Amino acid sequence: MRLKGRNAIITGGGAGIGEAIVRAFAREGSNVVIADLNPTTAQAVADDLNVDGKTVSVVECDVSDSCSVEKAVGEAAEHLTSIDTLVNDAGWGRAGKLLDTTEEDWDRMIDINMKGAFLVSKHTLPHLLESGRGNIINMGSVAGVVGVRDRLAYCASKGGIISLTRAIALDYVDQGLRCNSISPGTVNTPWVDRMVAQFPDPEQTRKSMVARQPMGRMGEPWEIAEAAVYLASDNSGFITGSNLMIDGGMTMQ
């Protein structure tokens, strides 16, 4: 029970990596509030976990909207005795090179992926500092570290997340706050399925995504969730401002 007594907000926790993190946190003893744009999907995850006596609640949240975030964090604070952990997992992506990326797609990716982490962190920070052991975990990506073809706006947004992580960590380290990011490679999630479906030959696209990872397979959501548990636990107490790569070896090439 590495997270026993912890109280966490996890954005985008209704599916994919976010859902895996919710399940791992609950298993390890943390109370969890899922902040998700789709509360119905998130509630199904909470209901499934609460059958086993866990404490998982749901609040509706559009991470790109400040008023929605402020309301969601306030509701989360009512569910939890305190808030000591925040996982910014909510994200969105679409394939595209420079000439293929519309201004609307660019704005949406920056708003959800980067501005979303900024807003949720900003509104949650007072609670995290008050807890005396505040911890923020941001979801970066291998695309924020190295170039990935056909992912222009996504690369930009995730590179921003990694820099945001370091800035927060440095600004608040003297107040006991830790802030780190996780950068997965390609992970086998419904989000990847939707991304692949945008290409003319989805099957070949999936094969190429697997082939670019030296380990020869996609990651699984639970593998990313285990890293999040580690960064949220006291076992990682000497780590802040770091970007943990879980990428099947993509960045060693």
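Residues numbered from 1 in each chain as written. Predicted model: local features only at pLDDT ≥ 70, side-chain atom pairs only at ≥ 80, totals over all residues. Heavy atoms only, no water.

What follows is about the pairing of strand 3 (residues 56-60). Strand residues, when the strand is regular, have side chains that alternate between the two faces of the sheet. Counting buried positions over the five residues of strand 3 gives four, a clear majority of the element. Where strand 2 (residues 31-36) meets strand 3, five bridges bridge the pair, whose relative direction is parallel. Residue pairing for strand 3: Ala35 is matched across the bridge by Val59. Regarding the hand of the β-α-β motif, the stretch spanning strand 2, helix 2 (residues 39-50) and strand 3 is right-handed. (Buried < 20%, exposed > 50% of the residue type's maximum accessible area, 1.4 Å probe, protein only. Helix = DSSP H or I, 4+ residues; strand = E, 2+ residues; numbered from the N terminus. Pairing = 2+ DSSP bridges. Right-handed = clockwise from strand over helix to strand, strands pointing away.)

Over its 14 residues, helix 3 (residues 66-79) runs 20 Å from end to end, which matches the ideal 20 Å to within 8%, given 1.5 Å per residue. Along helix 3, the positions that sit buried rather than exposed are Ser68, Val69, Ala72, Val73 and Ala76. Taken end-on, helix 3 shows its buried residues confined to a sector of 130°, consistent with a single buried face. Of the exposed residues in helix 3, the ones pointing more than 90 degrees away from its buried face are Cys67, Lys71 and Glu78. Packed against the buried residues of helix 3 are strand 1 (7-11), strand 2, strand 3 and helix 4 (103-131). (Expected span 1.5 Å × (residues − 1). Arc of directions from axis to C-beta. Contact = heavy atoms within 4.5 Å.)

Our next topic: the sheet that holds strand 5 (residues 135-139). Taken in spatial order, the seven strands line up as 3-2-1-4-5-6-7 in an open sheet, and their pairing is parallel. Both outer strands of the open sheet, strand 3 and strand 7 (243-246), are each paired with one neighbouring strand and no more. Here the average twist between neighbouring strands, direction ignored, is 20°. In the sheet, strand 6 (residues 178-184) pairs with strand 7 via four bridges, with the strands oriented parallel. Across the sheet, the residue bridging to Pro184 is Ile246, located in strand 7. Strands in contact with helix 1 (residues 16-27) are strand 1, strand 2, strand 3, strand 4 (85-88), strand 5 and strand 6; relative to strand 1, the strand with the most contacts, it is inclined by about 170°. Against the sheet, helix 5 (residues 152-172) engages strand 5, strand 6 and strand 7, with an angle of about 160° to strand 6. (Axes fitted to C-alpha atoms, helices over the stretch in contact; angles between N-to-C directions.)

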